[in-house]
Amino acid sequence: MRRQHCNPPIWTDFHYHTFEIILELAAICQPEDLYGLDMVEMENKLYLWAEQLPEKINEHPLCPHGTTEEMCLYFAQIPIEPHVRLLSVSISETSSRVTTLQLSE
């Protein structure tokens, strides 16, 4: 997703990044199931969840500092099916800067 952010109090100028969001998921797959997780459905949920963030990420109440840490916490709230577990959320603003939130039960 392409959005603007800044990280006050150090950086106060808004600038664009194309953020990459990665969810690590685990699901139970019973022998009679075709698959344990519908990845297309989950991808659509992630897309819709990302679209709820304003053009300036800092304007969202859960991301007031515009940090990738806050964005990880935001995406950790994405609704998932009961048999699926969200293991981690990673957000990158460049390929060499990735923030990962490891979730525990």
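Residues numbered from 1 in each chain as written. Predicted model: local features only at pLDDT ≥ 70, side-chain atom pairs only at ≥ 80, totals over all residues. Heavy atoms only, no water.

A.B. asks: Hey, could you go over helix α2 (residues 68-75) for me, with residue numbers and the actual values?
C.D. replies: For α2, the tally of buried residues reaches six of eight residues, placing the bulk of the element in the interior. Listed in full, the buried residues belonging to α2 are T68, E70, M71, C72, Y74 and F75. For α2, the secondary structure elements touched by its buried residues are β3 (20-27), α1 (39-51), β4 (84-94) and β5 (97-102). (Buried < 20%, exposed > 50% of the residue type's maximum accessible area, 1.4 Å probe, protein only. Helix = DSSP H or I, 4+ residues; strand = E, 2+ residues; numbered from the N terminus. Contact = heavy atoms within 4.5 Å.)

A.B. asks: I'd like a rundown of the nonpolar core, residues and numbers included.
C.D. replies: Within the largest apolar cluster, 19 residues are counted, with the highest numbers of intra-cluster contacts made by M1, I21, L23, M71, F75, V89 and I91. Excluding anything up to four places from it in sequence, M71 contacts M1, F19, I57, C63, G66 and I91. (Core = buried A, V, L, I, M, F, W, Y, C linked by side-chain atoms within 4.5 Å.)

A.B. asks: With reference to specific residues and values, describe unusual backbone geometry.
C.D. replies: Note that the residue after P8, namely P9, is joined by a cis bond; omega there is 5°. Along the polypeptide, P9 turns up in the loop between β1 (2-5) and β2 (15-18).

A.B. asks: Which residues make up the sheet that holds β3, and what values go with them?
C.D. replies: Neighbouring strands of a sheet are bound in pairs by backbone hydrogen bonds; such pairs are parallel or else antiparallel. Here we have three strands laid out as an open sheet, ordered β3-β4-β5, and antiparallel in their pairing. The outermost strands of the open sheet, each flanked by one partner alone, are β3 and β5. Between one strand axis and the next, the sheet turns by 15° as a mean value, whatever way the strands run. Relative to β5, β4 runs antiparallel, the two being bridged by six bridges. Residue pairing in the sheet places I91 in a bridge with T99 of β5. (Pairing = 2+ DSSP bridges. Axes fitted to C-alpha atoms, helices over the stretch in contact; angles between N-to-C directions.)

A.B. asks: Explain the environment of I28 to me, and be specific about the residues and the numbers.
C.D. replies: For I28, the location among the structural elements is in the loop between β3 and α1. Relative accessible area serves as the criterion here: at 51%, I28 is assigned to the exposed category. A C-alpha to C-alpha distance of 15 Å links I28 and M42, two positions 14 residues apart in sequence. Setting aside anything within four residues of it in sequence, one finds I28 in contact with G36 and H83.

A.B. asks: Run through the pattern of salt bridges, naming residues and quoting values.
C.D. replies: In total, this model carries three salt bridges according to the counting rule given. Residue E41 is joined to K45 by a salt bridge in which the shortest nitrogen-to-oxygen separation is 3.7 Å. Here the residue E41 and the residue K45 both occupy positions in helix α1, the gap between them amounting to four residues, near one helical turn. Judged by its relative accessible area of 32%, E41 falls in the partly exposed class. The exposure class of K45 is partly exposed, given its relative accessible area of 24%. Ionic pairing is found between R97 and E93, a salt bridge with its closest N-O pair at 3.0 Å. When its relative accessible area of 44% is taken as the criterion, R97 is described as partly exposed. (Salt bridge = Lys/Arg side-chain N within 4 Å of Asp/Glu carboxyl O.)

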